[in-house]
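Here is what each chain is made of, one letter per residue.
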Amino acid sequence: MMNKRFPHWAIIAALFALQACSGGSGTPPTVNPATGDGGGNGNAYTGPEPQTADVQAFRIHVWENLRDEDRCGGCHTAGGQAPSFVRTDDVNMAYSAANGIVDLGIPVNSRMVTKVAEGHNCWQGSDSAAVSACATIIEGYITDWANDTQGGTANVIALTPPPIKDAGASKNYPADVGDTSFASTVHPLLTAHCVNCHTPDASIPQTPYFAVSDAQDAYDAAQSKMDLDTPANSRFVLRLRNEFHNCWTSTCQNDANDMQAQITTMADGIAITQPDAALLLSKALTLSDGIVANSGGRHEDNVIAKYEFQSGEGSTAFDTSGVSPDLNLTLSGNVEWVGGWGIRIIDGKAQGTTADSRKLFDLISATGEYSIEAWVAPGNVTQGDAEDPARIVSYSAGTDARNFTLGQTQYNYEFLNRSSNTGANGTPAMSTDSDDEDLQATLQHVVVTYDPVDGREIYVNGISTGDTDPMPGGTLADWNDTYAFVLGNEVSSNRLWDGVIRMVAIHNRVLSPEQVTLNYDVGVGQKFFLLFSISDLVSTPESYIVFEVSQFDSYSYLFNKPYYVTLDSAASPDAIALQGMRIGINGRETSVGQSYASLDTTITENNQVLSTLGTIVGLEKGADADEFFLTFSVLGSNSNVTVPGTPVVIPASLEGQGGSEIGVRTFDAISATMAEITGINIAGEPALQSTFADIRKALPAVSDIATFLSSHQMSITQLGIGYCDALVESNPGFFPGMNFDTSLAPAQRNLVTTPMVNAVIGSGLSTQPDAAATEAELDSLFDRLCGGTGSSNATCSASQTRPAAKGVCAAVLGSAAMLIQ
């Protein structure tokens, strides 16, 4: 699709006019005084009617939302500062002015968006998080306009050539803080001036916790905020110099210089990593060189509150729905920002005011129906109980009064809704079937919908769970407009949910099954297309290997589904041989995540998929600084000739002794060992047989411990869970005196832990795990499973006992004590 374009002179004129409205990005954000005709004042429009459907779409989606004086109506009006895109005397003339500063094909590229992103007149505030939220809201307005005009074709992603640059030399953080001067350079500044916010014990803790007293922990948390290659670009420095954040003297510039000097001193002591000259390299890219891949595609016609957690810092989660009033949420307690957009609820919540929350009451009451949509990753499958679920998303007043709640009870999602046919607490709840175990401790897309005819419905990962609402639909006339909207807890702070929330959207209409599937397929989080140029290595011009890349969490990136493309419409690949593709970061190949190392294919067509696999690559310097490249064993007529290393000389004392005497059990031996330990006959357990058949090829195939992978351990754990499920359900006599249907006090945990330790850990061996230390670890695991992170001496409720016991059993059964031989 061709992007809508406008004359260059019009764009240039608009840029000059916008520039006159405020300083550039190097000055603090400002809110402009009112000028001209006064802008929007809440009065009805009385000017000429829109001349076309496009003008009407502009009026509805952009003009009406920006014409108020606290937004753009105080400046960009008739007689005020050009361009007058919110003038109130003639919407047609406003439309003409707006066309010069928007890109309907790719709304995020609109000058109206980028200008606000630079700090121009953000109504949410002047800090970077608020500015980002304002820019996102305006992007949404322009997207809605484009979708109205172009039939939903805004944000169709067009691949364009990236910058061409070689993989450069890079400085990389040593793992141990002791190998740097951090403790004597940067750390003292952080502990002296940032301790009131960036520690877990602060009154309002803000992550990352780089101001803690432990130098290693602070160093790990601070790495993404420092730029070893260009210290002046460090986030620590920019926050002081450009954003005037928490300066400790009267001159922020001096404080920024001090911080930069300390980072420079530390960086000077770290050696440079040069790319290996023998490698066959693609060109290099950072995430910022990529093409944003997550814009558009979702159904959001009726979104009234939306949280994507894009800011990644501060104590506010901004509502970027663009529907006033903004229902922003304040983060309190122990809540961490998650890289790649999200928040982790540890022991806190994100809550809006009752006044701002009222928009949910007003806009949902008007339709009588709604949908809650969320991308969540539960921290465990033991939290919550059937009578009182852990709160994921709630609009409520406490533990016994609510308008709606999406919650968790172990493996179940719970949906409570107050209607004319339910109680004031939204009960009875609609729950997913316990036997289906729809809720898992992994990233899931969950949608719950309600309408007065069909009642409630629950979808997980784009598919209806098929569960039945125990009550018929009804009206929402009993809803209360004084309740507050909250994520991760109850408003009374006593129904904690442990997990990660990546996105939440509230719709005041029911999403159809097709719309639910559409939004699930789009995915969540910030994603980019990275086009790694290989044009200098093959004969086909403008050749690229394309990856979809996202920041998976605060510690890693997800590289997914690579394919080949040439951007030359007249060219086609000429049988390009490709073998052994690997991912490099910051001057060297990564030591893990090389899922494409065994790739062996021939590229014969444009847009050819090279692999359907994804892989995880560790985050090092941060999303703003990490530089990626690809290496190849064979590409086209080129190959990487590696010089063999120096042979290892085996000491005479070890000659003839072979390799390690320690090995691991292989696939069938692992299952047989677990069967022997638990007394479970797999032939009598169909579910366990199915699990073993599914993962058998993912278990170790050889006993050589040097070949053991993390993926092997994941499969072993999965099999262990299957055996422990069968053990608790089919052979409870394994645990003398244990009743899995009652609560479990701390003093009773040994009824589970002692039989497991005795059965799995050997005796009389020269080297073996310490039984007492193992039981202590299992005791701590019980605390986490039954009481949440940081708990101690937690009693498992009757509904928690069984799944917690299975989890503890699997921890022992899938451990090295079983595996090593």
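What counts, and where the lines are drawn
Residues numbered from 1 in each chain as written. Predicted model: local features only at pLDDT ≥ 70, side-chain atom pairs only at ≥ 80, totals over all residues. Heavy atoms only, no water. Helix = DSSP H or I, 4+ residues; strand = E, 2+ residues; numbered from the N terminus. Rg over C-alpha atoms; globule rule 2.2 N^0.38 Å. Contact = heavy atoms within 4.5 Å. Areas by Shrake-Rupley, 256 points an atom, 1.4 Å probe, with all protein chains shown as cover. Disulfide = S-S within 2.5 Å. Salt bridge = Lys/Arg side-chain N within 4 Å of Asp/Glu carboxyl O. Buried < 20%, exposed > 50% of the residue type's maximum accessible area, 1.4 Å probe, protein only. pLDDT = per-residue confidence, 0-100. Core = buried A, V, L, I, M, F, W, Y, C linked by side-chain atoms within 4.5 Å. Patch = residues over 30% accessible without salt bridge, like charges linked within 9 Å, V, L, I, M, F, W, Y side chains within 5 Å. Expected span 1.5 Å × (residues − 1). Pairing = 2+ DSSP bridges. Phe/Tyr/Trp six-rings, centres within 6.5 Å; stacked < 30°, edge-to-face > 60°.

A. Geometry of the overall build of the chain. Scanning the chain from terminus to terminus reveals 18 helices and 27 strands. By the compact-globule yardstick of 28 Å for 821 residues, the chain fits well, its C-alpha radius of gyration being 29 Å. Its C-alpha atoms give the chain principal-axis dimensions of roughly 90 × 70 × 60 Å. Across the chain, every contact between residues at least 6 apart in sequence was considered, and the portion connecting residues at least 24 apart equals 69%. Within the structure as shown, the chain displays about 34800 Å² of accessible surface, and the carbon and sulfur contribution to it stands at 51%.

B. The state of the cysteines, seen in detail. A full pass over the atoms with the stated rule returns four disulfides. Between the sulfur of Cys122 and that of Cys134 lies a disulfide, 2.1 Å long from S to S. Judged by the torsion about the S-S bond (70°), the Cys122/Cys134 disulfide is right-handed. Taken as a pair, Cys122 in the loop between helix H4 (111-117) and helix H5 (128-150) and Cys134 in helix H5 lie far apart in primary sequence, twelve residues in all.

C. How the structure looks around the pattern of salt bridges. Counting across every chain of the model gives 35 salt bridges. With its nearest N and O atoms 3.2 Å apart, the salt bridge here joins Glu64 to Arg67. What makes Glu64 partly exposed here is its relative accessible area of 30%. Arg298 is paired through a salt bridge with Glu300; the nearest N and O atoms lie 2.5 Å apart. Of the residues examined, Glu300 reaches a relative accessible area of 25% and is grouped as partly exposed. Within the structure, one salt-bridge network assembled from shared partners comprises Arg298, Glu300, Lys306, Glu308 and Glu373.

D. Region of interest: the environment of Thr264. Tracing the backbone shows Thr264 in helix H9 (residues 252-268). The class of Thr264 is partly exposed, set by a relative accessible area of 26%. For the pair Thr264 and Pro50, spaced 214 residues apart in the sequence, the C-alpha separation amounts to 58 Å.

E. Region of the structure containing the confidence of the model for the chain. Here the chain shows a mean pLDDT of 87. Residues at 70 or above account for 90%. Across the chain, element-level confidence peaks in strand E17 (residues 484-487) with a mean pLDDT of 98 and bottoms out in helix H1 (residues 8-19) with 34. Confidence drops under pLDDT 50 across residues 1-41; counting only partners more than four residues distant or on other chains, this segment forms 85 contacts. Confidence drops under a pLDDT of 50 for residues 642-648, and excluding neighbours within four residues, the segment shows zero contacts in the predicted structure.

F. Inspection of the nonpolar core at higher detail. Grouped together as the largest cluster of nonpolar side chains are 46 residues, with contacts concentrated most on Leu360, Phe404, Phe485 and Ile506. Grouped together as the second largest cluster of nonpolar side chains are 43 residues, Phe692, Tyr723, Leu727 and Ala810 included.

G. Region of the structure containing a nonpolar patch on the surface. Among the surface-exposed residues, Ile662, Ile705 and Ile820 lie close enough to one another that they form a single nonpolar patch of about 220 Å² accessible area. Residue class for Ile705 comes out partly exposed when judged on its relative accessible area of 33%.

H. Looking closely at helix H17 (residues 798-813). Between the first and last C-alpha of H17 there are 24 Å, a value that for 16 residues agrees with the 22 Å anticipated at 1.5 Å per step. Among the residues making up H17, those that are buried are Gln800, Thr801, Pro803, Ala804, Ala805, Lys806, Val808, Cys809, Ala810, Val812 and Leu813. The inward-facing, buried residues of H17 contact helix H12 (667-678), helix H14 (710-730), helix H15 (750-760), helix H16 (771-787) and helix H18 (816-819).

I. Expanded view of the pairing of strand E20 (residues 543-553). Of all eleven residues that make up E20, nine are buried, and the element is covered over most of its length. One ladder, built from seven bridges, connects strand E19 (residues 527-533) with E20; its direction is antiparallel. Pairing of Leu531 across the sheet is with Val546, part of E20. Note: E20 against strand E21 (residues 556-566), nine bridges, orientation antiparallel. Directly across from Ser543, in E21, lies its bridge partner Thr566.

J. Highlighting the pairing of E19. Within E19, seven of the seven residues are buried, which leaves the element mostly enclosed by the surrounding structure. Burial along E19 is two-sided: Lys527, Phe529, Leu531 and Ser533 and Phe528, Leu530 and Phe532, pointing in opposite directions, are all buried. Sheet analysis places strand E4 (residues 291-292) next to E19, joined by two bridges and oriented antiparallel. Paired with Val292 across the two strands is Phe528, which belongs to E19.

K. Spatial organisation of the packing of aromatic side chains. Under the definition given, this model contains 24 aromatic pairs. Centre to centre, the rings of Tyr173 and Tyr219 are 6.0 Å apart; their planes meet at 80°, and the pair counts as edge-to-face. With Tyr173 in the loop between strand E1 (170-171) and helix H6 (186-193) and Tyr219 in helix H7 (residues 215-222), the pair connects residues that are 46 residues apart, well separated along the chain. Residue class for Tyr219 comes out buried when judged on its relative accessible area of 0%. Plain terms: the ring middles of Tyr370 and Tyr450 are 6.0 Å apart, the flat faces sit at 35° to each other, and that makes the pair tilted. Of the two residues, Tyr370 is situated in strand E9 (residues 370-378) and Tyr450 in strand E14 (residues 444-451); the sequence distance between them amounts to 80 residues.

L. Focus on helix H10 (residues 354-367). The end-to-end C-alpha distance of H10, which contains 14 residues, comes to 21 Å, matching closely the 20 Å that a straight helix rising 1.5 Å per residue would cover. Restricting attention to buried positions, one finds in H10 the residues Ser357, Lys359, Leu360, Phe361 and Ile364. Those residues of H10 that are buried lie in contact with strand E5 (303-307), E9, strand E10 (390-398), strand E11 (401-409), E17 and strand E18 (499-507). Gly368 occupies a position one or two residues after H10 and carries a positive phi of about 75°.

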